[in-house]
Amino acid sequence: MTEDFRARARAWLEANAPRRAAGDDDGESGAATTLAEQKAFQAKLYDAGFAGITWPTEYGGQGLTNAEQIDWSREARDYDLPNGAFFIGLSMPGNTILEVGSEAQKKRYLPAMLRGEEIWCQLFSEPGAGSDVASLQTSAVRDGDGWVLNGQKVWTSGAQYSDFGAVLARTDPAKPKHEGISMFIVDMHAPGVTVRPLKVATGHSPFNEVFFDNVRIPADGLIGEENKGWAAAVVMLRHERIAIGTMSAPRTSPLGYESLRSLAAGLGRTDDQAVRRRLAELYARSRGVQLFGLLLREEAMAGRLPGARGSVAKLAGSDLGRFAANVALDVLGDQLAGSDAEELQTVATLIVAAPGSAIAGGTSEIQRNIIGERVLGLAKDPGVDRSTPFNQLRVGTQRSDVPASSGEPR
Amino acid sequence: MTLILTDEEQALADSVRRFVAERSPLTSLRQLISSGEPFDAGVWKQMTAQLGLAGLAIPEEYGGAGAGLSALSVALVELGAGLVASPLLGSAVLAAGTLLRLDDEDAKRELLPGIAAGELMATLALAGGRSKAVLVGDGSEPALSGTVSPVLNGTEADVLLVPADSGSGTVLYLVRAEAPGLTRTRLAAADHSRSLARIRLNATPARALAGDAAAALSAAADLANLALASESAGAMRACLDMTSGYAKIRVAFGQPIGAFQAVKHRLADMQKNWELGYAAVRDAARAGDEEPGRFSVAASVARVLLAEAYFDAVVDTVQLHGGIGFTWEHDAHLYYKNGLSNKVLFGTPGEQLDRLADSLGI
Ligand SMILES: Cc1cc2nc3c(=O)[nH]c(=O)nc-3n(C[C@H](O)[C@H](O)[C@H](O)COP(=O)(O)OP(=O)(O)OC[C@H]3O[C@@H](n4cnc5c(N)ncnc54)[C@H](O)[C@@H]3O)c2cc1C
């Protein structure tokens, strides 16, 4: 039966998916057309029965198992699917709503994501709260049966084209920091929402800062329970790590083994034993990461959920990126310092982008903490405060000689 | 093809693990160190007669169980975790695996059933070193001369498969332990769980084995990669358990040392490296049974990943135990020595990478 599915997937991809992405999703290079193309592609994917493979049919999914999901990932690896704008929505807010959202939220939002109609972003990080996201200061104050949102988020990927966001806000600053947070759905087109692009090291603008100025959140915008937002955040972060960690880089990735090998051959470098060894090691390490992702999926299929081992996948993926960057430098040499060949420029850009994956979605240090504490059961980091009321704590880059956070936005 | 264990494989893993805990704990390796025995004959007998481990990857027609390489790998993971000293790798994996890929039906019928039962001990005199055997006798009465070292279980083996330069390429020869002109010297092995020897041949009578020796030796190298990677995965897991266990109970500065990130993060990296290596071992084991065309590359990948990862892990195991980890009484050094030996036997990491690069066509 899954053989059938796999054959169908292969045929569909061959007929409909480009081997390489037509454009990037950085929101700069012709974002409008790129975005329209992405939406159209996601809609086509949905119509063909390949969107939300494991999601229940009542929410627009295919109601299939992890086996089909694995088959799909295997087949899709040869393509760069032009639907990256939906990655965050589907894997993070989408899976979180599926797990802890209300029935009405599941019906309203999940099918629209799958059909490519609505794009989502994740509004967690703030200037004063990244790794320690529970120190966030954005506030949501009760107002009638809804809330009023004020504050600032930062590094929000895709906010520039998102329709909705899953936002974490403080609903009770007098409680210890993990206990006074709630998660909401915010309409990114609502009055009072301002999105400003931020440029990353490569010069692109994949992420933004987002300001909330008295933004109204209706009663049905709460995901999970009030002041239980941390639990929902933990669910989303878990999905995030697993999604990022098991997201196998397409075979065609310019910083991947195959591309570097053919570039090295083109430069006549593959006769050099040191170069051959570096490339072979890159192949081995890439396979290790890929196979571990596969193993996690198989275990999930057999009823053993990855849990905190998603952090292993995330860490392994960013370590691989770092290793690949080093191999590229060794193998392609000074051509990476300056070249007019487009492929080499792309590789250089990806090397500049590589550190981002060790920061986004929780830094590698945070992943190592999680692995140490929740996979290996080691003692928690000393000094992680779980009892002091939030409004008596110092967060982010606040100086110690100014009064502690009031819980109000800056 | 799936990477996770089947129910039968899980049952095999459980029974081998129980066996290791009961019959071959690390204290018995220490007994071998003081007695000088290469392995515990009683343990070997039970491993073979009772658990049937030597016959796992030998087809039923030659007296084995025909369970395949995945089952063998599962057993090796558990044996590796316990640093069980035995001739399994040399005899049942490498010698049997080499024979199986030759076309010498007589030799297979004569030797494989004994190997599978654990009653006959064979080895493959394959070493990465410079010294090699050469054919000195004529075609009708072949004889070999030369030195091969280090050879796994070279002193204990009843028969040796010796690759030698026949003048027109490499041929595999069968040499019997009692053959004249054969000198076997036990070496000081870095790893107490391996018995290694220098084999000297001086016009030693040998029988040429029919078949493609180069292909059989290449298959043996793949099997060595799978086997060493499997054992290393088990041993690395043991290091990880031992060290994270210690990090939970050893207190310094008022904290269990595992609370310190310098300790925690090394263990997290060890866990990550283990996960990748183990997944690669599963892939290689399955490929060996189900996708033979992929086996060589898959086994290289597993070996490359684990040779590095396991050695890093043993270094960290010693380090994170502090002074106690550097004592003779502590088990850390047993793994440390196994890690260094596993890193270089049948190909250093550099040689492994060269081989992988060749297979990938780089
Ligand atoms: C490309 C990209 C996309 C992103 N997209 C989004 C998004 O869509 N939505 C969103 O909400 N956020 C997003 N982020 C933000 C990201 O989640 C944070 O940047 C990240 O969690 C780190 O937080 P920070 O930047 O505040 O760094 P900090 O937390 O200030 O960390 C600074 C350094 O201190 C280290 N550190 C901090 N705490 C510890 C600790 N306990 N132990 C050891 N070391 C520690 C960190 O590892 C890091 O090296 C994105 C980031 C990037 C780079």
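Residues numbered from 1 in each chain as written. Chains lettered and ligands numbered in written order. Predicted model: local features only at pLDDT ≥ 70, side-chain atom pairs only at ≥ 80, totals over all residues. Heavy atoms only, no water.

Trainee: Go over the pattern of salt bridges, please, and point to the residues and values.
Mentor: Enumeration over the complete set of coordinates arrives at 46 salt bridges over all chains. In this structure, K380 of chain A engages E373 of chain A in a salt bridge whose closest nitrogen and oxygen atoms are separated by 3.6 Å. For K380 of chain A, a relative accessible area of 46% translates into the label partly exposed. Judged by relative accessible area, E373 of chain A falls into the buried class, the value being 15%. One salt bridge connects R207 of chain B with E110 of chain B, and the closest N-O pair in it is separated by 3.9 Å. Linking R207 of chain B in strand β8 (residues 207-208) with E110 of chain B in helix α6 (residues 105-117), this pair joins segments that are 97 residues apart in sequence. By relative accessible area, R207 of chain B is classed as partly exposed at 30%. What you see here is one network of salt bridges that share partners, running through R6, R10, D71 and E75 of chain A. (Salt bridge = Lys/Arg side-chain N within 4 Å of Asp/Glu carboxyl O. Buried < 20%, exposed > 50% of the residue type's maximum accessible area, 1.4 Å probe, protein only. Helix = DSSP H or I, 4+ residues; strand = E, 2+ residues; numbered from the N terminus.)

Trainee: Now, about the packing of aromatic side chains: what can you tell me, with residues and values included?
Mentor: If you walk through the whole model with that rule in mind, you get 15 aromatic pairs over all chains. Here the aromatic rings of F5 of chain A and F50 of chain A are separated by 5.6 Å at their centres, their planes lie at 70 degrees, and the arrangement is edge-to-face. Of the two residues, F5 of chain A sits in helix α1 (residues 2-16) while F50 of chain A sits in the loop between α2 (31-47) and α3 (66-76), which places them 45 residues apart along the sequence. Taken together, a centroid distance of 4.8 Å and an interplanar angle of 20 degrees make the contact between F50 of chain A and W72 of chain A stacked. In this pair, F50 of chain A sits in the loop between α2 and α3 while W72 of chain A sits in helix α3, placing the two residues 22 residues apart along the sequence. For F50 of chain A, a relative accessible area of 4% gives the class buried. Taken together through their ring pairs, the aromatic side chains of F5, W12, F41, F50 and W72 of chain A make up a single cluster. Over the ring of F390 of chain A we find R170 of chain A, and its NZ or CZ is 3.5 Å from the ring centre. Above the plane of the ring of W274 of chain B lies R237 of chain B, whose end atom (NZ or CZ) is 4.7 Å from the centre. (Phe/Tyr/Trp six-rings, centres within 6.5 Å; stacked < 30°, edge-to-face > 60°. Lys NZ or Arg CZ within 6 Å of the ring centre and 35° of its normal.)

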